[in-house]
Amino acid sequence: MGSGEPNPAGKKKKYLKAALYVGDLDPDVTEDMLYKKFRPAGPLRFTRICRDPVTRSPLGYGYVNFRFPADAEWALNTMNFDLINGKPFRLMWSQPDDRLRKSGVGNIFIKNLDKSIDNRALFYLFSAFGSILSCKVVCDDNGSKGYAYVHFDSLAAANRAIWHMNGVRLNNRQVYVGRFKFPEERAAEVRTRDRATFTNVFVKNFGDDMDDDKLKELFSEYGPTESVKVIRDASGKSKGFGFVRYETHEAAQKAVLDLHGKSINGKVLYVGRAQKKIERLAELRRRFERLRLKEKSRPPGVPIYIKNLDETIDDEKLKEEFSSFGSISRAKVMVEVGQGKGFGVVCFSSFEEAAKAVDEMNGRIVGSKPLHVTLGQARRRW
């Protein structure tokens, strides 16, 4: 390549440095509205609103691509948290390489925030400690949920923020500021701590005749209990599982060791330490990732397998039972000579939907039997 020819690689690098991510957008914001908002900052290449590939509905974020990096930097420094359609938006540099975000380096977690602290206030509170790639107060329909994330461009900046801000009172609330931890890491910490101190026991696979009093009688042999509960559906029918909370860890541990696998009225009990929700979801995610890595092609969805189906359950009934957890592409009961074989498959559009279905439906009684629900292998044909 001659010295007078353009350098495509260099041009691409310069182009990427001139692109901004725009988040927290009102659903009615269009590409044209973004263009009109950011055009005064400098010449633009284009603007884009990101949309769902199926429904084409806006996802609440987009990109503004400037011709010159200096104009993008000026917009980032002066226009962050401005309004479009009456709603403040968040700006940050577009990160086409998401390895930094996925690594968690420089990312911190803040909790116990006063609800009056918004994204703008959070940004200016923490920008004193280094360059911020992104910051976000987590909200729902009622406003701030009291926690947030700030991602710095370096570990040193994150450490400074933790050192200076952890334990500080903001609007009369003492905030916690610490290193961001991925769900799997938090789940591992909870699991390690609870294994040594747990008092809450999970019990499943007992009969319909089991009530709170009978469950308490069975488990009180191992020590004083604080609460005993058989979980029931809206009609009052037992779901086939429950919880026993003991006063001491020793009693809970003894109950698990003695009662797990014991046959009660012809049913083999499962008795174990009651897991926190974060542990259950982390385990499901790990299992799904292991399955995904075995796949040679992208699956059309995320399947779950259901065993111990009642003979009255057909495809339509199976889909109906699981439809509340998300979008289902297929639901099928395996049959042989017109008779259900007692198991089936439901395919969801996302891992989160499948994980929620497994978490809430495993052990639930449908018809006359408790279901056994697990994540499936996506490439299997059915």
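Conventions we followed
- Residues numbered from 1 in each chain as written.
- Predicted model: local features only at pLDDT ≥ 70, side-chain atom pairs only at ≥ 80, totals over all residues.
- Heavy atoms only, no water.
- Helix = DSSP H or I, 4+ residues; strand = E, 2+ residues; numbered from the N terminus.
- Buried < 20%, exposed > 50% of the residue type's maximum accessible area, 1.4 Å probe, protein only.
- Contact = heavy atoms within 4.5 Å.
- Areas by Shrake-Rupley, 256 points an atom, 1.4 Å probe, with all protein chains shown as cover.
- Pairing = 2+ DSSP bridges.
- Axes fitted to C-alpha atoms, helices over the stretch in contact; angles between N-to-C directions.
- Patch = residues over 30% accessible without salt bridge, like charges linked within 9 Å, V, L, I, M, F, W, Y side chains within 5 Å.
- Salt bridge = Lys/Arg side-chain N within 4 Å of Asp/Glu carboxyl O.
- Lys, Arg positive; Asp, Glu negative; His and termini not counted.
- Charge placed at Lys NZ, Arg CZ, Asp CG, Glu CD.
- 1 Å grid on protein atoms, 1.4 Å probe; cavity = no way out; pocket = protein on both sides within 12 Å on 5 of 7 lines; lining within 4 Å.
- Points joined across faces, edges and corners; volume = space filled by probe spheres on them.
- Nonpolar A, V, L, I, M, F, W, Y, C, P; charged D, E, K, R; others polar.

Student: Can you lay out the overall build of the protein for me, pointing to particular residues and giving the numbers?
Tutor: Helices and strands together make up the secondary structure of the protein, namely 12 helices and 24 strands. A total of 382 residues make up the protein; the buried ones form 40% of that total. Considering only contacts in the protein between residues 6 or more positions apart, those separated by 24 or more positions represent 63%. Summed over all atoms, the accessible surface of the protein reaches about 21900 Å², with 50% contributed by carbon and sulfur.

Student: Explain the sheet that holds strand β13 (residues 200–204) to me, using residue names and the numbers behind them.
Tutor: Note on sheets: strands pair through backbone hydrogen bonds, and any given pair is parallel or antiparallel. Taken in spatial order, the four strands make up an open sheet running β14-β15-β13-β18, and their pairing is antiparallel. With one partner strand each, in any of the chains shown, β14 (225–232) and β18 (270–273) form the two edges of the open sheet. Mean inter-strand twist for the sheet, computed between neighbouring axes without regard to direction, equals 20°. Where β13 meets strand β15 (residues 238–246), five bridges bridge the pair, whose relative direction is antiparallel. Following the sheet pairing, Val201 is matched in β15 by Val244. Lying over the sheet, helix α8 (residues 212–219) contacts β13, β14, β15 and β18, oriented at roughly 135° with respect to β14. Across the sheet, helix α9 (residues 249–259) touches β13, β15 and β18, and the angle it forms with β18 is around 150°.

Student: Got a sec to walk through unusual backbone geometry? Specific residues and values, please.
Tutor: Within the chain, Asn112 stands out as a residue other than glycine whose phi angle is a positive 65°. Relative to the helices and strands, Asn112 is located in the loop between β7 (107–111) and α5 (119–126).

Student: Provide a residue-level description of a negative patch on the surface, including the pertinent values.
Tutor: Among the surface-exposed residues, Asp314, Asp315, Glu316 and Glu320 lie close enough to one another that they form a single negatively charged patch. Its place among the elements puts Glu320 in helix α11 (residues 315–322). Owing to a relative accessible area of 52%, Glu320 belongs among the exposed residues under this scheme.

Student: How would you summarise the layout of surface pockets if you had to cite specific residues and measurements?
Tutor: Space inside the second largest pocket adds up to approximately 710 Å³. Lining the second largest pocket are 22 residues, and of these Phe202, Gln275, Arg280, Asp359 and Asn362 lie nearest its centre. Per-class residue counts for the lining of the second largest pocket are nine nonpolar, six polar and seven charged.

Student: Give me the pairing of strand β21 (residues 339–348): which residues, what numbers.
Tutor: Bridge count for strand β19 (residues 302–307) against β21 is six bridges, and the pairing is antiparallel. Note that in β21 the partner of Val302 across the bridge is Phe348. In this structure, strand β20 (residues 328–336) lies alongside β21, joined through seven bridges in antiparallel fashion. Residue Val335 lies in a different strand from β21, and its bridge partner there is Gly340.

Student: If you had to explain the pattern of salt bridges to someone new, which residues and values would you point to?
Tutor: Applying the stated criterion across every chain, the model contains seven salt bridges. Between Arg51 and Glu31 there is a salt bridge whose closest N-O contact spans 3.8 Å. With Arg51 in strand β2 (residues 44–51) and Glu31 in helix α2 (residues 31–38), this pair connects stretches of sequence that are 20 residues apart. A relative accessible area of 26% places Arg51 in the partly exposed class. Assessed through its relative accessible area of 27%, Glu31 is described here as partly exposed.

Student: Which residues make up helix α12 (residues 351–361), and what are the values?
Tutor: Those residues of α12 that sit buried are Phe351, Glu353, Ala354, Ala355, Ala357, Val358 and Met361. Positioned one or two residues after α12, Gly363 has a phi angle of 95°, which is positive.

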